[in-house]
Amino acid sequence: MNRPAKTPLSSTARASGFTLIELLVVLAILGLLAGLVGPRVLSQLGGAKSKTVAVQIRDLEQAIDLFRLDVGRFPSAQEGLNALVQRPASAAGWNGPYLRGNSLPVDPWGNAYRFTLPGRHGDIDIYSYGADNAPGGTGENADIGNWQL
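The model shown is predicted, which means the values in this text are computed figures rather than measured ones. For every chain, the first residue of the written sequence is number 1, and numbering continues from 1 along that sequence. Predicted model: local features are reported for residues with pLDDT of at least 70 only, side-chain atom pairs are reported and counted for 80 or more only, and whole-chain, interface and lining totals are derived from all residues. Water and hydrogen atoms were dropped before computing side-chain values, which therefore reflect all heavy atoms in the structure.

Novice: So what's going on with the layout of surface pockets? Which residues, and what values?
Specialist: Each pocket or cavity is described by its volume, and for the largest pocket that value is around 220 Å³. Each residue is assigned to one class: nonpolar for Ala, Val, Leu, Ile, Met, Phe, Trp, Tyr, Cys and Pro, charged for Asp, Glu, Lys and Arg, and polar for all the others, Gly among them. Across the lining of the largest pocket, the residue classes break down as 7 nonpolar, 3 polar and 2 charged. Together, Thr 116, Arg 120, His 121, Asp 125, Tyr 127, Tyr 129, Pro 135, Asp 143 and Trp 147 line the second largest pocket. Its residues placed into classes, the lining of the second largest pocket shows 4 nonpolar, 2 polar and 3 charged. Each cavity reported here is a set of points on a 1 Å grid over the protein atoms alone in which a 1.4 Å probe fits but cannot get out, each pocket an open set with protein on both sides within 12 Å along at least five of seven lines, and each lining residue one with an atom within 4 Å of a point. Grid points are joined across faces, edges and corners, and a volume is the space filled by probe spheres set on the points.

And the structure:
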């Protein structure tokens, strides 16, 4: 049997991998990018939750306006926002449900929206206590209500 003669590997075949230095440089660049971009992305995430609350509160306000047009009054404090998806016994003319999905939304932190009648800031108050689910606060913990929109 004749075996082909061994040929030396070309220089491109020997140097086809990455060196440790090249890999470390790439990892350092990726680390710098993550350090610069990461905090900006995370700060925008918090702002998105606050914007979601504003949109959902506006939807709840519109649903309450439709309820008031049909029934002739706001939902009572006892009926609360639930009157928008389930017909209260004392609501003649109710033509709901007034929300898509036939369910009440929760705020982005998983808490129920609050409803006060009469409101401290207007006829009605619809609000979320924010991430901490407690009155007051700043940043993500700040209260967000229909009087601020």
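Novice: Outline the packing of aromatic side chains, supporting the account with residue identities and numerical values.
Specialist: Pairing of aromatic side chains here covers Phe, Tyr and the six-membered ring of Trp, requires ring centres within 6.5 Å, and sorts the geometry by plane angle: under 30 degrees stacked, over 60 edge-to-face, intermediate tilted. In total, this model carries 4 aromatic pairs according to the counting rule given. A ring pair is formed by Trp 94 and Tyr 98, whose centres lie 5.7 Å apart and whose planes are at 90°; its orientation type is edge-to-face. For Trp 94, a relative accessible area of 16% corresponds to the buried category. Residue classification places Tyr 98 among the buried residues on the basis of a relative accessible area of 13%. Site record: aromatic cluster; members linked through ring pairs are Phe 67, Trp 94 and Tyr 98. Residue burial is assigned from relative accessible area. The probe radius is 1.4 Å, only protein chains are included, and a residue is buried under 20% of its type maximum, exposed over 50%, and partly exposed in between.

Novice: Which residues make up the nonpolar core, and what values go with them?
Specialist: In this text, buried Ala, Val, Leu, Ile, Met, Phe, Trp, Tyr and Cys residues form a nonpolar core when linked through side-chain atoms within 4.5 Å. Among the nonpolar cores identified, the biggest contains 21 residues, and Leu 60, Ile 64, Phe 67, Leu 81, Leu 84 and Ile 126 are the most heavily contacted of them. Put simply, DSSP H or I for four residues or longer makes a helix, DSSP E for two residues or longer makes a strand, and each gets a number counted from the N terminus. Residue contributions to this core peak at 7 residues, all from helix α2 (residues 20-71). Those residues in contact with Ile 126 that lie beyond four places of it in its chain are Ile 57, Leu 60, Glu 61, Ile 64, Arg 114, Phe 115, Ile 144, Gly 145, Asn 146 and Trp 147. Every residue pair with non-hydrogen atoms within 4.5 Å of one another is taken to be in contact.

Novice: How would you explain the pairing of strand β2 (residues 125-128) if you had to name every residue and give the values?
Specialist: Side chains Asp 125 and Tyr 127 of β2 all project onto a buried face; the interleaved residues Ile 126 and Ser 128 project onto the opposite face, where all are buried too. Pairing of strand β1 (residues 114-116) with β2, which is carried by 3 bridges, proceeds in the antiparallel orientation. Looking across to β2, one finds that Arg 114 is bridged to Tyr 127. Two strands are counted as paired when DSSP detects at least two bridges linking them. Pairing of β2 with strand β3 (residues 144-145), which is carried by 2 bridges, proceeds in the antiparallel orientation. Among the inter-strand pairings, Tyr 127 is bridged to a residue of β3, identified as Gly 145.

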